[in-house]
Amino acid sequence: DAKTTQPPSMDCAEGRAANLPCNHSTISGNEYVYWYRQIHSQGPQYIIHGLKNNETNEMASLIITEDRKSSTLILPHATLRDTAVYYCIVSPSGIQGAQKLVFGQGTRLTINP
Amino acid sequence: KAGVTQTPRYLIKTRGQQVTLSCSPISGHRSVSWYQQTPGQGLQFLFEYFSETQRNKGNFPGRFSGRQFSNSRSEMNVSTLELGDSALYLCASSLPREKRMNTEAFFGQGTRLTVV
């Protein structure tokens with residue numbers, strides 16, 4: 001079973017920051033937080049991942065709370081093309097971590113013009 | 001750099017038949033994972049192959065099998081197809097040779113299988 005809890009849907013205005021929350025209260029010390037998204041009928045796309053420090057890349061920022069029980073994915077300037085289902089996944093470290101992903105239901109993010 | 005390639009993109013089969021799906025990973029990736037996506041169950045892990053060996057397996061019946069070749073290309077096979085096997089089958093590759101620890105998975109566009 002998925003070890004994360006996400007709101008089923010969210011809306012955001014185009015050009016604003018989209019903040020997607022994720023609860024992972026049972027995360028263990030060696031588990032990473034991954035975010036993927038899936039645009040309709042396409043394969044999931046990797047966004048970002050982190051262990052305990054905040055991370056930023058060209059797509060998004062990941063903020064992980066100090067106790068690591070929750071995180072927030074931030075899309076700084078959402079566009080219509082960011083409309084997708086966003087999945088938050090916790091996965092163990094080590095070489096097997098990225099290869100067996102347990103997907104939950106995700107958050108359906110809709111960016112409105 | 002070419003992405004993960006899955007063939008065919010679409011497939012229609014009849015109940016009771018078998019089907020083989022193919023996945024070519026990103027060049028240099030050693031791990032290939034397979035997932036099934038249905039509207040009811042969402043994205044579910046099928047199995048993972050690494051260096052021609054099955055390393056992880058999800059909770060699917062034995063009708064679902066796979067293999068990986070020495071060039072890391074992978075195939076999955078479903079025998080005795082059932083209507084419920086209709087799904088989008090996704091392949092993901094990861095673990096470039098120069099990396100050993102956590103890295104992201106790259107997904108293909110999937111094969112949409114319809115069983116009639």
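See the structure printed just above.
Since the structure is predicted, the reported quantities are computational estimates derived from the model, not experimental observations.

K.L.:
Provide a residue-level description of the side chain of B:Asn77, including the pertinent values.
P.N.:
Following the sequence through the fold, B:Asn77 ends up in strand S8 (residues 74–78). Excluding anything up to four places from it in sequence, B:Asn77 contacts B:Gln18, B:Val19, B:Thr20, B:Arg63, B:Phe64 and B:Ser65.

K.L.:
Quick one: what's the story with the sheet that holds strand S8 (residues 84–92) of chain A, residue by residue and with numbers?
P.N.:
All names here are of chain A. Strand order across the open sheet formed by five strands is S1-S9-S8-S3-S4, with mixed pairing between neighbours. Edge strands, defined here as strands with exactly one partner in the open sheet, are strand S1 (9–13) and strand S4 (45–50). If you compare each strand with its neighbour and ignore which way they point, the axes differ by 25 degrees on average. In this structure, strand S3 (residues 31–38) lies alongside S4, joined through five bridges in antiparallel fashion. For Val 33, the partnering residue across the bridge sits in S4 and is Gly 50.

K.L.:
Provide a residue-level description of the interface of chain B and chain A, including the pertinent values.
P.N.:
Tallying the contact residues gives 25 residues for chain B and 23 residues for chain A. At the surface where chain B touches chain A, the tally comes to zero salt bridges. Taken together, chain B and chain A are joined by four residue pairs in polar contact (both at pLDDT 80 or more). Listed by contribution, the elements that provide at least two residues to the side of chain B that touches chain A are strand S4 (29–38), strand S5 (42–50), strand S6 (53–57) and strand S9 (87–96) of chain B. Partitioned by chemical class, the residues of the side of chain B that touches chain A number nine nonpolar, ten polar and six charged.

K.L.:
If you had to explain the pattern of salt bridges to someone new, which residues and values would you point to?
P.N.:
Residue and element names in this part refer to chain B. Scanning all chains against the criterion turns up seven salt bridges over all chains. For the salt bridge of Arg 63 with Glu 82, the shortest nitrogen-to-oxygen distance reads 3.6 Å. Placement of the pair is Arg 63 in the loop between S6 and strand S7 (64–68) and Glu 82 in the loop between S8 and S9, with a sequence separation of 19 residues. The partner of Glu 75 in a salt bridge is Arg 67, and the shortest N-O contact between them spans 3.3 Å. Since its relative accessible area comes to 17%, Glu 75 is described here as buried. Judged by its relative accessible area of 46%, Arg 67 falls in the partly exposed class. Each member of the salt-bridge network shares a partner with another, and the members are Arg 63, Glu 82 and Asp 85.

Conventions we followed
Residues numbered from 1 in each chain as written. Chains lettered and ligands numbered in written order. Predicted model: local features only at pLDDT ≥ 70, side-chain atom pairs only at ≥ 80, totals over all residues. Heavy atoms only, no water. Helix = DSSP H or I, 4+ residues; strand = E, 2+ residues; numbered from the N terminus. Contact = heavy atoms within 4.5 Å. Pairing = 2+ DSSP bridges. Axes fitted to C-alpha atoms, helices over the stretch in contact; angles between N-to-C directions. Salt bridge = Lys/Arg side-chain N within 4 Å of Asp/Glu carboxyl O. Polar contact = N/O pair within 3.5 Å; in protein donor to acceptor, adjacent residues only side chain to side chain. Nonpolar A, V, L, I, M, F, W, Y, C, P; charged D, E, K, R; others polar. Buried < 20%, exposed > 50% of the residue type's maximum accessible area, 1.4 Å probe, protein only.

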